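# Inside the fold
Okay, here's what each chain looks like letter by letter:
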Amino acid sequence: MKYKSQKVAYWFFALSMLLLSLQIIYGFIMGFAHMGYDNLHDFIPFNTARAVHTNLLVVWLLSGFMGAAYYIIPEEAENELVSVKWAYIQLISLAVVGVVAIVGYHFNYWEGRKFLEIPRPLDWLVVANVLLFLGLILFTLYKGKKRTTTSLVLTMGLVFAALLYLPGMIWFDNQTMDSFFRWWVVHLWVEGVWELIMGGILAFLLIKITGVDREVIEKWLYVIVGLTFISGILGTGHHYYYIGAPKYWLIIGGIFSALEPLAFLGMALFAVAMYRKGEKKHPNKIALMWTLGTAIVSFVGAGLLGLAHTLPQVNLWTHGTLVTAMHGHLAFWGAYGMIVFAAISYMMPNMTGRKLYDSGNGLTAFWLSNIGMIGMTTAFAAAGVAQVYMERIMGLEFGDVQNEIQVHFLILVLCATLFTTGVGIFIYEFIRYGQPTDEALEQHP
Ligand code: HEM
Ligand code: HEM
Ligand SMILES: [Fe+2]
């Protein structure tokens, strides 16, 4: 750590890990409900659990990205963060908005729009929070000595992510119109601007960990940004197939979304190539594993499993089934969960001055969580394919099919237990690191 203000990152990571733990609890509630044990139904019905699960996911990831940005921007810009006090105010307000929204969902204070359940009045608080965050980041960059490509790509991702939240706040009475613009947020986030955030963090970590020249790494970053935009923007069409949007989206969405895996492939090749080129001297092997891991698993989860149902001929059958959950889990985990874990693994030793990465725990956490998540993805895939066959080809009723596929959720819950053990060990290590100290300044390799 080079600047005292980078320590702010720690508290964002702590909030992130807390919300992830809650997210997992709601995942289990749904896993058991799918097995037929919906005992909490009167207090937490499935739809509430689902909204809480996915919204907590988004907030812990955002909190992780913000933490990473508060660490990266001062170091890249060579300047202290302009105000640490406001960063803490931003942290607290983020936590408050998150908690109010989540509690509200339990009392039916929400909008039933998947991923955008936060009621419009609360959205304004989200906007204020994000403006404060961006203000701090942009001002720090502006006052800094350097503006590197890495910091600019990361900042561009964060600014566009904020702007793209706005189309989701426009009010439409028409369901199709509402859906149309909802995807500008959901799709253009995960298959557009969040990829820039991921690319920026990935580039920063690779520069630090592999020791390869910044120029080489940043050249790749341009290629990834290019591929992301070329494919991802019109790729939004893969959500417009059967929602009442014009027919031309079938062909546009099909072609461009089929190109989207290229950006993720680019990221995977990039990370592996930089690793092979690098010096392999950096002692923090755990951070390296999460960094390479995120590039590779995101290609599988987002790229390949996205491709699996992105053509209109396939999506006609799979839309709205557990096939989506299969892809949603490995994509979110691989691309965004793992990049947050990579950032934490690299930054914690530097902020605290404690080098705990040599213990076996880090390795165990990595393998258990990833094997667990791959198992969960497989269970969702089996359930999803069976569901498509029985419901859409044999014509059985939705509820009857859900009874038939209960067995897959036993496997899901078992694999989720592995995953949770891995994450639990990771969080245990995070707690063991303790709080950051000023003695850690300039000590890091
Ligand atoms: C470890 C425990 C977890 C369990 C048991 C679990 C289980 C579930 C279940 C049962 C659903 C609902 C599927 C349906 O609609 O019927 C769901 C949805 C979802 N979960 Fe999880 N989950 C867990 C962790 C995670 C993690 C760590 C992530 C992300 C990194 C995640 C991302 C998602 C997403 C994105 C959805 C919505 C999928 C869609 O739109 O179809 N879950 N989860
Ligand atoms: C990291 C990147 C990605 C993440 C986190 C992600 C996550 C998700 C999630 C959560 C959904 C369900 C959304 C909802 O119903 O509200 C979804 C849907 C979908 N994704 Fe992705 N995705 C990613 C990349 C991709 C890519 C690259 C492709 C194509 C190659 C793809 C293809 C699809 C398709 C076709 C659907 C629609 C499923 C349906 O409703 O029929 N995704 N994705
Ligand atoms: Fe999409």
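### Structural notes on the site of ligand 2
A302, G306, H319, G328 and A331 are the nearest of the 27 residues found near ligand 2. Contributing elements (two or more residues each) for the shell around ligand 2: α6 (175-210), α10 (285-307), α11 (312-318) and α12 (322-352). Tallying contributions element by element places α12 first for the shell around ligand 2, with six residues. Among the residues forming the shell around ligand 2, the class breakdown is nine nonpolar, 15 polar and three charged.

### Some words on α6
A rise of 1.5 Å per residue sets the reference length of α6, with its 36 residues, at 52 Å; its end C-alpha atoms lie 49 Å apart and thus fit the reference within 8%. At W189, α6 shows its largest kink, close to 60°. After α6 finishes, the residue G211 shows a positive phi value of roughly 75°.

### What to know about the site of ligand 1
Around ligand 1, 21 residues are found, and the nearest of them are G27, M30, G31, G328 and A416. When residues of the shell around ligand 1 are traced back to their parent elements, those giving at least two are α1 (8-35), α2 (46-77), α12 and α15 (406-433). The biggest single contributor to the shell around ligand 1 is α12, with eight residues. Within the shell around ligand 1, the residues separate by chemical class into ten nonpolar, ten polar and one charged. Looking at the shell around ligand 1, you find at least three residues from each of domain 1 (1-147) and domain 3 (308-445).

### Some details on the domain arrangement of the protein chain
Assigned domains of the protein chain: these are domain 1 (1-147), domain 2 (157-282) and domain 3 (308-445). Centre-to-centre, using C-alpha coordinates, domain 2 lies 20 Å away from domain 3. The interface is formed by 16 residues belonging to domain 2 together with twelve residues belonging to domain 3. Listing elements by their share of the side of domain 2 that touches domain 3, those giving two or more residues are α6 and α8 (248-259). When its residues are assigned to classes, the side of domain 2 that touches domain 3 shows ten nonpolar, five polar and one charged.

The rules behind these values
- Residues numbered from 1 in each chain as written.
- Chains lettered and ligands numbered in written order.
- Predicted model: local features only at pLDDT ≥ 70, side-chain atom pairs only at ≥ 80, totals over all residues.
- Near = placed C-beta within 6 Å.
- Helix = DSSP H or I, 4+ residues; strand = E, 2+ residues; numbered from the N terminus.
- Nonpolar A, V, L, I, M, F, W, Y, C, P; charged D, E, K, R; others polar.
- Expected span 1.5 Å × (residues − 1).
- Bend = angle between axes of the 7 residues up to and from the residue.
- Domains from an automatic or database assignment.
- Contact = placed C-beta atoms within 7 Å.

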